[in-house]
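Here are the chains, one letter per residue:
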Amino acid sequence: MVYRYLKYQINEKDLAEYEVRVKRFLDVLSRNETQTIYSIFRVKSRRNTFVHMISFKSELEESRHRQANYSVEFSDYLDSIATAVPEFGELIPF
């Protein structure tokens, strides 16, 4: 398994559109990546800060995910509304 996280903050004015787009992204992802576990959380004390927790079956599946049109489109959208460069990292089981 490959574990990743993504943390970012978006502009408050973009919250409504973000919610629509993230739901659409998760719908497409779940239909195309049945082995991927993808969860998105909102930071309770900051309504415009989000954390994604992602588990891929393998490095190959992660690569396919990164190259998928829906992932590229969502990533480009996040880049356009993020208030800073998103934090992205690898997680290891403890």
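For the structure itself, consult the block above.
Note that this is a predicted model, so its numbers are computed, not measured.

A.B. asks: Please set out the sheet that holds strand β3 (residues 49-56) residue by residue, giving values where relevant.
C.D. replies: Strand order across the open sheet formed by 4 strands is β2-β3-β1-β4, with antiparallel pairing between neighbours. Where the open sheet ends on each side, the last strands, each with one partner, are β2 (37-42) and β4 (87-91). The mean inter-strand angle of the sheet, taken between neighbouring strand axes irrespective of direction, is 15 degrees. Sheet topology note: the strand β1 (residues 2-9)/β3 ladder contains 8 bridges and is antiparallel. By the bridge assignment, Gln-9 is partnered in β3 with Thr-49. Relative to the sheet, helix α2 (residues 59-67) contacts β1, β2, β3 and β4, its axis offset from that of β1 by approximately 35 degrees.

A.B. asks: So, the nonpolar core: which residues are in play, and what are the values?
C.D. replies: Membership of the largest hydrophobic core comes to 17 residues, with the highest contact counts inside it found for Tyr-8, Ile-10, Tyr-18, Phe-50, Phe-74, Leu-78 and Ile-81. Within the residue set of this core, elements represented by two or more residues are β1, α1 (15-32), β3 and α3 (69-81). If you tally residues by element for this core, the top one is α1, at 5 residues. Not counting residues within four places of it along the chain, the set of residues in contact with Tyr-8 comprises Tyr-18, Asn-48, Thr-49, Phe-50, His-52, Leu-78 and Pro-86.

Conventions we followed
- Residues numbered from 1 in each chain as written.
- Predicted model: local features only at pLDDT ≥ 70, side-chain atom pairs only at ≥ 80, totals over all residues.
- Heavy atoms only, no water.
- Pairing = 2+ DSSP bridges.
- Helix = DSSP H or I, 4+ residues; strand = E, 2+ residues; numbered from the N terminus.
- Axes fitted to C-alpha atoms, helices over the stretch in contact; angles between N-to-C directions.
- Contact = heavy atoms within 4.5 Å.
- Core = buried A, V, L, I, M, F, W, Y, C linked by side-chain atoms within 4.5 Å.
- Buried < 20%, exposed > 50% of the residue type's maximum accessible area, 1.4 Å probe, protein only.

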